[in-house]
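Breakdown of the fold
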Amino acid sequence: MAFEGLANRLQNVFGKLRSKGKLTEEDVGEALREVRLALLEADVNFKVVKDFIAKVKEQAIGQEVLKSFTPGMVVIDIVNKELTALMGGTQSKLARSNRPPTVIMMAGLQGAGKTTTSGKLAKMLLKQNHRPLLVACDIYRPAAIKQLEVLGDQLKVPVFSLGDQVNPVEIAKAGLQHAKDNGNDYVIIDTAGRLHIDENLMDELKNVRSVVDPDEILLVVDAMTGQDAVNVAESFHQQLELTGVVLTKLDGDTRGGAALSVKAVTGCPIKFVASGEKMDALEPFFPDRMASRILG
Ligand code: GDP
């Protein structure tokens, strides 16, 4: 399960706190030290942890809390509230353009799960009675186009492709026109990834962006890579002004550092999380539900 380690540790700390009844400042301080360690071990960004603990401490070490009937519960509530805020507070919904089609541009490094997520997103939209079109702009990764076509076939979602000999910018432009001509109200553009961030990649993405003027630029990052995912998100956000992040492979992420740091570090909200290879393994991200899951 995602966050297993962190969830276990925090539940342990708070179990002790709850069972104590009356609390002293030292008890709260000790608990927060353990929370701090648990977050660091979960690979949450160092500065994020520091700010988080400071915010909780400010509220938790006060006479009002200590004198309450259930001080342990009050401290846990504060942690819950701050964890939720850390991950963005409220759910950040997918954009919907007043002038359809809504254009969603997918970006990310190779292997992060961009093509798979494009398919999942198409399936989600289809279920909501939309008419998505997938556009295959990843002309570099062998078989990426085929992979998208297979997914489209399986989901019964049309896939627009011009093969791998046409410039991605041209494909994106033609794909958007195709959507307009065929009444698709969402266009999902699967762009090319690279193994590492490089200038060519960013230039290409900027060029695609300028011809399709996306309503959403979603960065797909692999949660299992922890702080690397956060660094990748920061670089992409600086260059492309992302509108959201999709965290994939949460099923294999036992630590949770990326999920807890992305918003605080980049300012960019997590919009979806994926926890499996199957096409229905994509969910909107709810910060409050995630916080409750971590705290048990
Ligand atoms: P791309 O290069 O970014 O387009 O990556 P792909 O969409 O081809 O995905 C790379 C690999 O990750 C594939 O084997 C996917 O099945 C797998 N994958 C994608 N999302 C998830 C996920 O949420 N969980 C797991 N376990 N695997 C995933």
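Cut-offs used in this document
- Residues numbered from 1 in each chain as written.
- Predicted model: local features only at pLDDT ≥ 70, side-chain atom pairs only at ≥ 80, totals over all residues.
- Heavy atoms only, no water.
- Helix = DSSP H or I, 4+ residues; strand = E, 2+ residues; numbered from the N terminus.
- Rg over C-alpha atoms; globule rule 2.2 N^0.38 Å.
- Buried < 20%, exposed > 50% of the residue type's maximum accessible area, 1.4 Å probe, protein only.
- Contact = heavy atoms within 4.5 Å.
- Areas by Shrake-Rupley, 256 points an atom, 1.4 Å probe, with all protein chains shown as cover.
- Pairing = 2+ DSSP bridges.
- Right-handed = clockwise from strand over helix to strand, strands pointing away.
- Near = heavy atom within 4 Å.
- Polar contact = N/O pair within 3.5 Å; in protein donor to acceptor, adjacent residues only side chain to side chain.
- Nonpolar A, V, L, I, M, F, W, Y, C, P; charged D, E, K, R; others polar.
- Salt bridge = Lys/Arg side-chain N within 4 Å of Asp/Glu carboxyl O.
- Expected span 1.5 Å × (residues − 1).
- pLDDT = per-residue confidence, 0-100.
- Axes fitted to C-alpha atoms, helices over the stretch in contact; angles between N-to-C directions.
- Parallel < 35°, antiparallel > 145°, perpendicular 65-115°, else oblique.
- Left-handed = near helix turned anticlockwise from the far one by under 90°.

Looking at the overall build of the protein chain
- The secondary structure content of the protein chain amounts to twelve helices and eight strands.
- In terms of overall size, the protein chain behaves like a compact globule, its C-alpha atoms giving a radius of gyration of 21 Å where 296 residues would be expected to give roughly 19 Å.
- Split into buried and exposed, the 296 residues of the protein chain put 52% on the buried side.
- The contacts in the protein chain between residues at least 6 apart in sequence include a share of 77% that link residues at least 24 apart.
- A total of about 13900 Å² of accessible surface is found on the protein chain, and carbon and sulfur atoms cover 48% of it.

Here's the deal with the pairing of strand E6 (residues 244-248)
- The buried fraction of E6 is high, at five of five residues.
- Burial along E6 is two-sided: the face carrying Gly-244, Val-246 and Thr-248 and the face carrying Val-245 and Leu-247 are both buried.
- Two elements, strand E5 (residues 216-222) and E6, share five bridges in a ladder whose sense is parallel. In the strand pairing of E6, Leu-218 is matched with Gly-244.
- Handedness of the crossover joining E5 and E6 through helix H10 (residues 227-240) is recorded here as right-handed.
- Relative to strand E7 (residues 270-274), E6 runs parallel, the two sharing three bridges. When the bridges of E7 are listed, Val-246 appears paired with Phe-272.
- Each parallel crossover has a hand, and the one from E6 via helix H11 (residues 257-266) to E7 is right-handed.

As for the sheet that holds E7
- Strand order across the open sheet formed by eight strands is E3-E2-E4-E1-E5-E6-E7-E8, with mixed pairing between neighbours. Two strands in the sheet have a free side with no partner beyond their single neighbour: strand E3 (159-160) and strand E8 (282-284).

Considerations on the site of the ligand
- Every one of the 17 residues lining the ligand counts as a neighbour, but Gly-111, Lys-114, Thr-116, Asp-251 and Glu-277 are closest to it.
- In this structure, an oxygen atom belonging to the ligand sits 2.5 Å away from a side-chain N or O atom of Thr-116.
- Backbone polar atom of Gly-276 to an oxygen atom of the ligand: 3.1 Å apart, as the coordinates give it.
- In terms of residue class, the shell around the ligand is made up of three nonpolar, eight polar and six charged.

With respect to the pattern of salt bridges
- Taken as a whole and assessed by the stated rule, the structure comprises ten salt bridges.
- With its nearest N and O atoms 3.0 Å apart, the salt bridge here joins Asp-51 to Lys-47. Here the residue Asp-51 and the residue Lys-47 both occupy positions in helix H3 (residues 46-60), the gap between them amounting to four residues, near one helical turn.

Description of helix H2 (residues 25-41)
- Over its 17 residues, H2 runs 24 Å from end to end, which matches the ideal 24 Å to within 8%, given 1.5 Å per residue.
- If you check which residues of H2 are buried, you get Asp-27, Val-28, Gly-29, Ala-31, Leu-32, Val-35, Ala-38 and Leu-39.
- Tucked into the core, H2 has its buried residues touching helix H1 (4-19), H3, helix H4 (63-67), helix H5 (71-86) and H11.
- Phi turns positive, to about 70 degrees, at Asp-43, one or two residues after H2.

Comments concerning the confidence of the model for the protein chain
- For the protein chain, the mean per-residue pLDDT works out to 94, and 99% of the residues sit at or above 70.
- Prediction confidence for the complex, expressed as pTM and ipTM, is 0.95 and 0.99 respectively.

Digging into the packing of helix H8 (residues 168-182) against helix H9 (residues 199-212)
- H9 packs onto H8 with a crossing angle of 25 degrees between their chain directions and a minimal axis gap of 9 Å. One finds that H8 runs roughly parallel with respect to H9. Like other packed secondary-structure pairs, H8 and H9 cross with a definite hand, here right-handed. Judged by residue contacts, Pro-168, Val-169, Ala-172, Lys-173 and Leu-176 of H8 engage Glu-204, Asn-207, Val-208, Val-211 and Val-212 from H9.
- Its residues assigned to classes, the contact of H8 with H9 comprises seven nonpolar, one polar and two charged.

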